[in-house]
Amino acid sequence: MAAPKNRRSVFLGRLPLPERNYLADALRTETVGGVLLLIAAVAALIWANTPLRGSYQSVSSFHFGPGSLGLNLSVQHWAADGLLAVFFFVAGIELKRELVAGELRDPKAAVLPVVAAVCGMAVPALVYFTVVTTGGGSTAGWAVPTATDIAFALAVLAVIGTSLPSALRAFLLTLAVVDDLFAILIIAVFFTQQLNFAALGFAVLGLAVFWLLLRKGVRGWYVYVPLGIVNWALMYNSGVHATIAGVAMGLMLRCTRHEDEAHSPGEHIEHLVRPLSAGLAVPLFALFSAGVAISGGALSDVFTRPETLGVVLGLVVGKAIGVFGGTWLAARFTKAELNPDLKWPDVLAVASLAGIGFTVSLLIGELAFKGNQLLTDEIKASVLVGSLIAAVLASVLLKLRDNKYKKLCAEEDLDEDHDGIPDIYEQDNPAYHLRMAAILEAKAAEHRRLAEVAAGRTTGDDGPA
């Protein structure tokens, strides 16, 4: 008797129901936040390019905070170092959940999105490096085009009115989570200049206290919020970018469920904090970071200066080639079969969508060219231009398959027995088929009754007047 052949894994296959429900809830908030992010970015550009631009600079550069604690910062600085710590706190929780309960928990399943994400960061960096070395520019901004902004990408989907099947959305989210992980490492390693070891030591001690309290089961926001603020302030004064404190605390939360829990503590806190991150922290950061003066000359400089051209090409070309190429190679070598309902052009469309880099790209741009305000503003403009081109390209590719996506989404959401669970997840459940049999029998009985009524009316019509 011949040995059975090994089943090949399916890439972009159907998600488990709990993962699908979690994904839908998370992306719903991110989509709303992404729309607010778009509005904030447009508002910043209008504010910075009208006669009110003087007030924009005044507000952005206004300083406040306790100087004795080293925290007398500008509004723009508070947005970048303070509010984005909330964003990275949520990113830390997302990463932890992906590692213990999501797509990254199984090494075999994680290979594809991780390789895709790594290639999706390496190729844009290589494109940038090639452009600037050829043109004689600065290589300091190599990390700018490496990040994907999931909220901005989802906002684009909302604006163009298309729905991606849950498997493609999960792939995009996992790409963004891995992107965030490497962005965190890049910020920590490459943009830490002078260290204050005393402050860093106290920050590590504060994080250890945070971890110990979690392990002891201590509850109460009044304990963790003040401790989190202290940890953030210590990390800021240590010379390490303050957002690292947010990531570290997010990674410490437990994201696995106990038998008596509907949600893990990490999921519960993420559900509470995500709206604050997506709806307030990130849009305010965009409002005070995306306000760059745009003119005909400035736009032409984006395509002629090596640093800015490298960012644009890195986002538009590098991301698409990196994510698509990495995915294809990983699938080829792992012998993973693509979901038969989807095609490789769908992966290319998502790869193009991953070229929308906004929040983290703007942050890295500020860090990379700190002290050179003119080049920083030009880099920001190139991030906006590159993200816009990537969004348009992805929109065209996605619209070509929109009818197919709508059909797949309708099949995923169909719930004919009205029990709150999509029918596609109940095909192996005998109770579902019994419920459907009862529903169909009731419909058949009603149609028989209507047929008898119609037949009676026809017989009556044949009688004498």
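Here the structure is a predicted model, which means the values were calculated and not measured. (Residues numbered from 1 in each chain as written. Predicted model: local features only at pLDDT ≥ 70, side-chain atom pairs only at ≥ 80, totals over all residues. Heavy atoms only, no water.)

### Observations regarding the packing of helix H3 (residues 75-100) against helix H14 (residues 359-368)
The relative placement of two packed helices is expressed as an angle between their axes plus a distance between the axes.
Then comes step 1: In contact at an axis separation of 12 Å, H3 and H14 are set at 135° when each is read in the N-to-C sense. Taken together, H3 and H14 sit at an angle that is classed as oblique. Once H3 is placed against H14, the crossing between them reads as left-handed. Seen from H3, the contacting residues are Gln76, Ala80, Leu84, Phe87 and Phe88; seen from H14, they are Thr359, Val360, Leu363 and Glu366.
Then comes step 2: Its residues assigned to classes, the contact of H3 with H14 shows 6 nonpolar, 2 polar and 1 charged. (Axes fitted to C-alpha atoms, helices over the stretch in contact; angles between N-to-C directions. Helix = DSSP H or I, 4+ residues; strand = E, 2+ residues; numbered from the N terminus. Parallel < 35°, antiparallel > 145°, perpendicular 65-115°, else oblique. Left-handed = near helix turned anticlockwise from the far one by under 90°. Contact = heavy atoms within 4.5 Å. Nonpolar A, V, L, I, M, F, W, Y, C, P; charged D, E, K, R; others polar.)

### Quick notes on the nonpolar core
Then comes step 1: Within the largest apolar cluster, 116 residues are counted, with the highest numbers of intra-cluster contacts made by Phe11, Leu12, Phe88, Leu353, Ile356, Phe358 and Leu363.
Then comes step 2: With 14 residues, helix H6 (residues 166-190) is the single largest residue contributor to this core.
Then comes step 3: Ignoring anything within four residues of it in the chain, the contact list for Phe11 reads Leu112, Phe171, Thr327, Ala336, Glu337, Leu338, Asn339, Trp344 and Val347.
Then comes step 4: In terms of nonpolar packing, the next biggest core, distinct from the first, is built from 7 residues, Leu71, Ala85, Ala233 and Ala242 among them. (Core = buried A, V, L, I, M, F, W, Y, C linked by side-chain atoms within 4.5 Å. Buried < 20%, exposed > 50% of the residue type's maximum accessible area, 1.4 Å probe, protein only.)

### Quick look at unusual backbone geometry
Then comes step 1: For His418, which is not glycine, the phi dihedral falls at a positive 55°.
Then comes step 2: The residue His418 is located in the loop between helix H16 (402-413) and helix H17 (430-461) in this model.
Then comes step 3: The exposure class of His418 is exposed, given its relative accessible area of 70%.

### Here we look at the pattern of salt bridges
Then comes step 1: In total, this model carries 18 salt bridges according to the counting rule given.
Then comes step 2: One salt bridge in this structure joins Asp419 and Arg435, with 3.0 Å as the shortest N-O distance. Here the residue Asp419 occupies a position in the loop between H16 and H17, and Arg435 occupies one in helix H17, the gap between them amounting to 16 residues.
Then comes step 3: Overall, the relative accessible area of 30% leaves Arg435 in the partly exposed class.
Then comes step 4: In this structure, a network of salt bridges that share partners links the residues Glu30, Glu94, Glu270 and Arg274. (Salt bridge = Lys/Arg side-chain N within 4 Å of Asp/Glu carboxyl O.)

### Some words on the packing of aromatic side chains
Then comes step 1: Under the counting rule described, the total for this entry stands at 12 aromatic pairs.
Then comes step 2: Between the aromatic rings of Trp47 and Phe288, the centroid separation amounts to 6.4 Å while the plane-to-plane angle is 55°, which identifies the pairing as tilted. With Trp47 in helix H1 (residues 17-48) and Phe288 in helix H10 (residues 265-289), this pair connects stretches of sequence that are 241 residues apart.
Then comes step 3: Centroid distance Phe64 to Trp78: 5.6 Å. Interplanar angle 20°. Geometry classified as stacked. One end of the pair, Phe64, is in strand S2 (residues 63-64); the other, Trp78, is in helix H3, with 14 residues separating them in the sequence. (Phe/Tyr/Trp six-rings, centres within 6.5 Å; stacked < 30°, edge-to-face > 60°.)

### Considering a nonpolar patch on the surface
Then comes step 1: Taken together, the side chains of Val32, Val35, Leu36 and Ile39 make up a nonpolar region of the molecular surface, amounting to roughly 320 Å² of accessible area.
Then comes step 2: Mapped onto the elements of the fold, Leu36 is located in helix H1.
Then comes step 3: Classification of Leu36 as partly exposed rests on a relative accessible area of 34%. (Patch = residues over 30% accessible without salt bridge, like charges linked within 9 Å, V, L, I, M, F, W, Y side chains within 5 Å. Areas by Shrake-Rupley, 256 points an atom, 1.4 Å probe, with all protein chains shown as cover.)

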